[in-house]
Amino acid sequence: MRCSLHSLWMASFLFYLLPHCGEAKVHTEAQAGPLYRVLGSPLSISCNVSGFSNKFTQQNFEFRIKKPENPAIEINIISTSDQNFAYAMYTQRVKSSEITLKHLSSNSVLFEIRSLQKSDEGEYDCSVINSESVYQGTYSAKTTVKVIDNSLSVSSSDSTSLRYNEGDALTLTCQASSNTIQHTHLSFAWLLHKGGEDNAQPIISLDRDFTLSPGHDFEGRHQAGLIRLDKMGEATYRLQMAQLELSDQGRIYCHAQEWIQDPDRSWYSIAQKDAQKTMLNVTAREVAPDTLSLVVRISTQQTALQEGQELSLSCNVDTQNVEKRFFSVAWLRGSVELARIGPTGVLSVGSEYSGREKQGELRAVRMGDRDYLLIMQPVRIEDEGKYFCRAWPQDRGQDGGFTQGAAQDSSPQPISISANGSRLSVEMQRDVSVNEGDRLRLTCKVDGIKGQLSVTWQHKSTSTSTASFTNVVSLSQEGVLEIDKKFVSRKVRATRPATDSFTLELDEVTPSDSGVYQCAVSEWNTNSKTNSQSQTTSVTVAPTESFVKVNLISRNNVVTVGGDVELICRVKGPRVPITLTWSLRRDVSAVDTILTMYSDGSISWSGEQQGYQVKVQNKSTEVAHYLLINGASHREAGSYQCSVSVFLENAHKKLPPSNLLAVMVQNPASKLRLTSSPNVTTNLNSDVEIKCSVTSEPFASSRYAVTWLHQQSAVNKTMLSSDGDALVTFGTDVELSNRLSMRRTKGPSFELTIRQAQISDRGSYICEVVEWLQDPRGDWYQLSPVSKITELKVIEPANDLRLDMKEQQQLISREGDEVELKCNIISGASIPFFFYKVTWFYTGNSSSVTNVPLVELDHTGLLRYPENQATTGLQGRLRLSRPSQSSFCLRIQRAHEGDSGTYRCQVEQYQLDQEGHWQQKALDSAGPIAVTINVDGGAVSEPQCKLGTWIGIFLVLVICLLVVIFLLVLKICWSKSSGGKKSGESLWAEKVPLETKPGAED
């Protein structure tokens, strides 16, 4: 029957699983957080879902929020399916479209808030409503949003209105800074808003990656060094325009933007501000006679060219004393500068033509004081246009520096270029991306080949706007390979795998290899270059940290002492040789390296190896590195982190470390149970013992520390404590410490003894026990303390001292005998720490001696005879003793007839107080006893003190008689039970003769 049920269950499970085994798993993703946004700025969070069986069905989404002040409550914000979804606090903002949720596609939405409020900070939950009959996967994703204050500050100290002449120099400064705690970047720009234009145009800007870029209309002047942007210090930006032009008139202002990098590594602008605008007025400058005399001419031998031919442009500068003057001369096609020769003859080439200059297709020289020549060959179709020359007079100062004068342009010279029948064309792939450390491979496809071809591969960095093309490698028409000196140490190859294609291969690329690559192909006829075509492509080298991601997770980072912890460092990305380091931060500053695992599998331990193990697991999309903590102790508690460095170009590149993951090692819950008497009552000056016992089952390594506390008036005072090694430490009360002791007994039990308890000792006594355990590393740690309270009451006994002398009301004795008088305490003698003073008084038969103290034994044990002439003879024959705790005896040796009279006993009870002073507690008297001493030998009473002796003798006789009777009874019983004896035989003798003792001869 059991097998049948099991088979039925399995069949049902497989039947359920069969229609679902091919379904995709639903996965919901939201934009990774935390997202830091400025108060009042917009917020957008994208959310998408995948894995539904029908990906074309539009899914409905809901957004909720958990706020940090009350994270247990989820608040509805907006839904794509329910217009009444929002809670009251968000209803108005949703209705006014300040908060929106719009579909980007059937499976994705965009959640937006136009203007963030401080209350919008929290954890946002994007949930997708399941539209299918089964649940499989994750249907929600969370993103944390932090709302921060806008701390971006932008200001300018320049005047709101400035007036300059054409050609003057302008300098403006602006301050831009931010106090945002998070790591942010600033971008900065100077803008010019001309009258009649809708938008301002950038003059020059510095982006968040510190790349300097001139505006489109200011490129030429920037390349000529006439426009500069300098950052001075931490927050000051200076704009310098060497020669103002009439077109510069308008409102100039600076603009700053603050950027933050989100967890997905994208940059987001969280704030932007403009400084006050300065109105710049530029008036035309009257031309000096010397400037009017400057004439610039342009000429060429041929204005109509074919592709591949040579273009020769001559510039002529004519003015007075030209031989003694300096000029800068530039050739321009439209607004694009081809080349410039400075006042000292140094050539600079524009960025668009730097590659052709490197290939030898463009050159410019100074031919004399007046003449300058530009040659470009072979020309291309795109070289067609209007060319002109521009000249600037340069005045040389005494320091050797040059001051540039106003520019003078030549008339434009149109150049037309027609196709020469060559169909040479070059094509490259667009926008190539490659990972750092990988090989860059670029292919250049060539079409319309007629003659021999050569190729030159060039590179231009995009990090600066003034960068120009530099040669990487070239392959001549004869197949000769020439590598530029900058790339000689690199693994670079240029090949021609086919007639119509050229390839460039660059191994182990780095982010600095990003930029624009140009493939320049030239067609040759014999030794003459007949045509040249080029094509460019942008190459982005992704840094390792962008595609190798390190993440640290754990499924059990909170454990009890002795538990096991498993940390997983997930390294996602392509398989590259890495070195992985595990580290532990126990406090804010100190970071301890645990171990380093190298790419060859070797491990270097830097710290304590005990308790740690490592394991590596290869997965399809990641490599999981495990750090196992076996039997965790408090030593292993702290924040763990894994760091990865990648081996590139014979060097290690350290990537951003993983997130910190806190491992918390908690103490086990204390199972300690105590028992003690809730109330203890004792008499004053008595010793009292308070016991506190452990009743729970101890751990194998349990040790106990106990502290006894005395609580009076809600104040706890430590009396004594004993640590785990049983070392006792007393409190600060010296007098109390002298009366305290503690011992441990089996169980264990802790016994506190207070000697001579005082009234001040009463109150609550707290027995506080701490259990200490030993962790797997041998370190001791304590559990939470457990305590028990005992209420101690100290009472003062009643003073009920009573004496008795009834047995001796009259005593008669002979002269010369010893007389004994006894005084008995019948109540109060058993109370400890009470002391007694006894005094005997005498009254003679004559009236001359009345109630005279004879002798006293005080409470300190001192015997004293009070002086009195009438009793001097008697006092010399007195002996006072205390034969028992409750009796005092007075002996009169060699009694005289004059000793007759009445005797009385008085007892006083004393006790020491806390200050050590004697206090009388009680007093009582007994008697009188009439004593008569006869001289004639008449009847005399036996001393009462000998009564005990006679009673003892009597008791001994009675006991002996009982023993004899008992033996006789046993004898009779034995005789009756014996079969060899006859009834009637004598009890005292047997008739059987006695056997004689055997002799030596027998």
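Please refer to the structure placed before this passage.
An account of the accompanying structure is given in this report. Model, not experiment: these values are computed from the prediction. (Residues numbered from 1 in each chain as written. Predicted model: local features only at pLDDT ≥ 70, side-chain atom pairs only at ≥ 80, totals over all residues. Heavy atoms only, no water.)

Turning to the overall build of the protein, a few remarks are in order. Secondary structure assignment for the protein yields nine helices and 74 strands. Radius of gyration (C-alpha) of the protein: 58 Å, far over the 30 Å computed for a compact globule of 1002 residues. By its C-alpha atoms, the protein is 185 × 90 × 75 Å across when sized along the principal axes. Counting across all 1002 residues of the protein, residues that qualify as buried make up 40%. Residue pairs at least 24 apart in sequence account for 59% of intrachain contacts in the protein once pairs closer than 6 positions are excluded. When the accessible surface of the protein is summed, it comes to about 53800 Å², and 50% of that surface belongs to carbon and sulfur atoms. (Helix = DSSP H or I, 4+ residues; strand = E, 2+ residues; numbered from the N terminus. Rg over C-alpha atoms; globule rule 2.2 N^0.38 Å. Buried < 20%, exposed > 50% of the residue type's maximum accessible area, 1.4 Å probe, protein only. Contact = heavy atoms within 4.5 Å. Areas by Shrake-Rupley, 256 points an atom, 1.4 Å probe, with all protein chains shown as cover.)

Residues Ile-951, Phe-954, Leu-955, Val-958, Leu-961, Leu-962, Ile-965 and Val-969 make up a contiguous nonpolar surface patch of about 740 Å² in total accessible area. The topology assignment puts Phe-954 in helix 9 (residues 947–977). (Patch = residues over 30% accessible without salt bridge, like charges linked within 9 Å, V, L, I, M, F, W, Y side chains within 5 Å. Salt bridge = Lys/Arg side-chain N within 4 Å of Asp/Glu carboxyl O.)

Our next topic: the side chain of Thr-143. One can find Thr-143 in strand 9 (residues 140–148). The class of Thr-143 is buried, set by a relative accessible area of 2%. Looking at Thr-143, its side chain comes within polar contact range of the main-chain oxygen of Gln-31, at 2.5 Å. Here Thr-143 is in contact with Ala-30, Gln-31, Ala-32, Gly-33, Leu-35, Ile-45, Gly-122, Glu-123 and Tyr-124, once residues within four sequence places are set aside. (Polar contact = N/O pair within 3.5 Å; in protein donor to acceptor, adjacent residues only side chain to side chain.)

It is worth spelling out the pattern of salt bridges at this point. One pass over the structure, following the stated rule, counts 41 salt bridges. Asp-369 is the salt-bridge partner of Arg-366, the closest N and O atoms lying 3.8 Å from each other. Taking relative accessible area as the criterion, Asp-369 reaches 35% and is therefore assigned partly exposed. Across the pair Arg-493 and Asp-507 runs a salt bridge, and its minimum N-O distance is 3.3 Å. Here Arg-493 is found in strand 39 (residues 492–498), whereas its partner Asp-507 is found in the loop between strand 40 (501–506) and strand 41 (515–525), with 14 residues between them in sequence. Taking relative accessible area as the criterion, Arg-493 reaches 30% and is therefore assigned partly exposed. Judged by relative accessible area, which is 13%, Asp-507 ranks as buried.

Time to look at the environment of Asp-600. Of note, Asp-600 is situated in the loop between strand 47 (591–597) and strand 48 (603–605). The exposure class of Asp-600 is exposed, given its relative accessible area of 62%. Remark: the alpha-carbon pair of Asp-600 and Pro-577, spanning 23 residues in sequence, is separated by 8.5 Å.

Before going further, it helps to spend a moment on the state of the cysteines. Defined simply, a disulfide is a covalent bond joining two cysteines at their sulfur atoms. Scanning the entire structure with this criterion turns up seven disulfides. Each sulfur of the disulfide joining Cys-174 and Cys-254 lies 1.9 Å from the other. Where Cys-174 bonds to Cys-254 through sulfur, the torsion about that S-S bond is close to 45°, and the disulfide is right-handed. Taken together, the positions of Cys-174 in strand 12 (residues 170–178) and Cys-254 in strand 18 (residues 250–261) put the pair 80 residues apart, joining distant regions of the chain. Here the two residues Cys-174 and Cys-254 agree in accessibility, since each one is buried. Paired through a disulfide, Cys-444 and Cys-519 show a sulfur-sulfur distance of 2.1 Å. Because the torsion about its S-S bond is -90°, the bridge between Cys-444 and Cys-519 counts as left-handed. (Disulfide = S-S within 2.5 Å.)

With that out of the way, let us pick up the sheet that holds strand 1 (residues 27–30). Strand order in the open sheet formed by four strands is 1-3-7-6, with antiparallel pairing between adjacent strands. Every other strand in the sheet has two partners, leaving strand 1 and strand 6 (99–105) as the edge strands with one partner each. Going from strand to strand, the sheet's axes swing by 20° on average, the running direction of each strand aside. The pairing of strand 6 with strand 7 (residues 108–113) spans six bridges and is classified as antiparallel. Bridge assignment links Leu-101 to a residue of strand 7, and that residue is Phe-111. (Pairing = 2+ DSSP bridges. Axes fitted to C-alpha atoms, helices over the stretch in contact; angles between N-to-C directions.)

Bridging between strand 68 (residues 835–844) and strand 69 (residues 852–857) involves five bridges; their strand directions are antiparallel. Looking across to strand 69, one finds that Trp-840 is bridged to Val-855. Here strand 69 pairs with strand 70 (residues 863–864) via two bridges, running antiparallel. What sits directly across from Glu-856, in strand 70, is Arg-864. Here strand 69 hands over to strand 70 after five residues, with Gly-861 in that stretch at a positive phi of 90°.

In this structure, Leu-567, Trp-582 and Tyr-640 are the most contacted members of the largest nonpolar core, which totals 33 residues. Of all elements in the fold, only strand 43 (549–554), strand 45 (565–572), strand 46 (578–585), strand 47, strand 50 (622–629), strand 51 (638–648) and strand 53 (661–666) reach the threshold of two or more residues within this core. Look past the residues within four positions of Leu-567 in its chain and what remains in contact with it is Leu-552, Ile-553, Ser-554, Trp-582, His-625, Tyr-626, Leu-627, Tyr-640, Leu-661 and Val-663. (Core = buried A, V, L, I, M, F, W, Y, C linked by side-chain atoms within 4.5 Å.)

Let us look at the sheet that holds strand 68. With mixed pairing, the six strands of this open sheet are ordered in space as 66-74-73-68-69-70. Strand pairing shows two members of the sheet lacking a second neighbour, strand 66 (810–814) and strand 70, which therefore form its edges. Taken together, the ten bridges between strand 68 and strand 73 (residues 901–912) define a ladder with antiparallel strand orientation. Residue pairing across strands places Val-838 opposite Val-907, the latter belonging to strand 73.

We now examine the environment of Ile-203. Structurally, Ile-203 can be placed in strand 14 (residues 201–206). Taking relative accessible area as the criterion, Ile-203 reaches 1% and is therefore assigned buried. With 25 residues separating them in the primary sequence, Ile-203 and Arg-228 have C-alpha atoms 9.6 Å apart. Ile-203 has contacts with Trp-190, Leu-191, Leu-192, Pro-214, Gly-215, Phe-218, Ile-227, Leu-239 and Ile-252, leaving out every residue within four places of it along the chain.

Negative charge collects at one region of the surface, where Glu-197, Asp-198, Asp-217, Glu-219 and Glu-352 lie side by side. Its location among the elements puts Glu-219 in helix 3 (residues 219–223). (Lys, Arg positive; Asp, Glu negative; His and termini not counted. Charge placed at Lys NZ, Arg CZ, Asp CG, Glu CD.)

One pair of aromatic rings is described through two measures. These are the centre distance and the angle between the planes. In this structure the tally under the stated criterion is ten aromatic pairs. Ring geometry for Tyr-135 and Tyr-139: centres 5.2 Å apart, planes at 65°, overall edge-to-face. Given the relative accessible area of 65%, Tyr-135 is considered exposed. Centroid distance Tyr-842 to Tyr-903: 5.0 Å. Interplanar angle 40°. Geometry classified as tilted. With a gap of 61 residues between them, Tyr-842 in strand 68 and Tyr-903 in strand 73 connect regions that are remote in the sequence. On the basis of relative accessibility, which here comes to 5%, the residue Tyr-842 falls in the buried class. In this arrangement the basic side chain of Arg-208 is found over the ring face of Trp-259, its NZ or CZ atom lying 4.7 Å from the centre. (Phe/Tyr/Trp six-rings, centres within 6.5 Å; stacked < 30°, edge-to-face > 60°. Lys NZ or Arg CZ within 6 Å of the ring centre and 35° of its normal.)

Along strand 25 (residues 336–341), five of the six residues are buried, which leaves the element largely enclosed by surrounding structure. The sheet contact formed by strand 24 (residues 326–333) and strand 25 spans five bridges and is antiparallel. Residue pairing across strands places Leu-332 opposite Glu-337, the latter belonging to strand 25. If you look at the hairpin formed by strand 24 and strand 25, you'll find two residues sitting between the two strands, and Gly-334 has a positive phi there, around 65°. Pairing of strand 25 with strand 26 (residues 347–349) involves three bridges; the strand directions are antiparallel. Each bridged residue has a counterpart across the sheet, and for Arg-340 the counterpart in strand 26 is Ser-348. From the end of strand 25 to the start of strand 26, which pair antiparallel, there are five residues, and Gly-345 there has a positive phi angle of about 90°.

This brings us to the environment of Leu-821. Within the secondary structure layout, Leu-821 lies in strand 67 (residues 819–827). Placed 70 residues apart in sequence, Leu-821 and Arg-891 show a C-alpha to C-alpha distance of 6.4 Å.

This brings us to helix 2 (residues 88–95). Among the residues making up helix 2, those that are buried are Tyr-90, Arg-93 and Val-94. With its buried residues spanning 100° around the axis, helix 2 presents them on a single face. Residues of helix 2 that are exposed and point more than 90 degrees away from the buried face comprise Ala-88, Gln-92 and Lys-95. Where the residues of helix 2 are buried, they touch strand 4 (61–67), strand 5 (70–79), strand 6 and strand 7. (Arc of directions from axis to C-beta.)

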